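The lines below spell out each chain.
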Amino acid sequence: QVQLVESGGGLVQVGGSLSLACAVSGPFSRYHMGWFRQAPGKEREFVAAITWVTTTYADSVKGRFTISKDNAKNTVSLQMNILKPEDSAVYYCAAGSGSLDQSLGYAYWGQGTQVTVAS
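Keep in mind the model is a prediction, meaning the values are calculated, not measured.

Asks: An account of the packing of aromatic side chains is needed here, citing residue identities and associated values.
Replies: Using the criterion set out here, one finds six aromatic pairs in the structure. Ring plane angle 80° and centroid distance 5.2 Å describe the contact between Phe36 and Tyr106, whose orientation is recorded as edge-to-face. Residue Phe36 is found in strand E4 (residues 32–38), and its partner Tyr106 is found in strand E10 (residues 106–109); the two are separated by 70 residues along the sequence. Side by side, Phe36 and Tyr106 carry an identical accessibility label, which is buried. Considering the side-chain rings of Tyr92 and Trp109, the 6.5 Å spacing of their centres and the 80° angle between planes classify their relative orientation as edge-to-face.

Asks: Lay out the pattern of salt bridges with the relevant residues and their values.
Replies: Under the counting rule described, the total for this entry stands at four salt bridges. In this structure, Arg37 engages Glu45 in a salt bridge whose closest nitrogen and oxygen atoms are separated by 2.9 Å. A relative accessible area of 5% places Arg37 in the buried class. Each of Arg37, Glu45, Arg64 and Asp87 takes part in salt bridges that share partners, so that together they form one network.

What counts, and where the lines are drawn
- Residues numbered from 1 in each chain as written.
- Predicted model: local features only at pLDDT ≥ 70, side-chain atom pairs only at ≥ 80, totals over all residues.
- Heavy atoms only, no water.
- Phe/Tyr/Trp six-rings, centres within 6.5 Å; stacked < 30°, edge-to-face > 60°.
- Helix = DSSP H or I, 4+ residues; strand = E, 2+ residues; numbered from the N terminus.
- Buried < 20%, exposed > 50% of the residue type's maximum accessible area, 1.4 Å probe, protein only.
- Salt bridge = Lys/Arg side-chain N within 4 Å of Asp/Glu carboxyl O.

Spelled out as structure tokens, the structure:
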């Protein structure tokens, strides 16, 4: 079992930056870690994932967002730069062992944190 608690969401201006954090309780090193987001009326969307081998990003955030892990602190972070209005969504962190870019690949999810990018 894995528990995840997210923090860092809030309001930011277009072009600004925001950093999200996810505190993980459980066998942290056994799982792939990912970030997803969901806007009102839309399906959950893959954002980024990290394994012990590599990182991967959705095309929409590549070059702007960075996912990272701190194994000593059992935390996963998402640094978001050059934010756009279309980045506004509830952001979720997740732990799993399946497909990195699909929701079904993750068994454990955080509660979500709201990110709003204002013009």
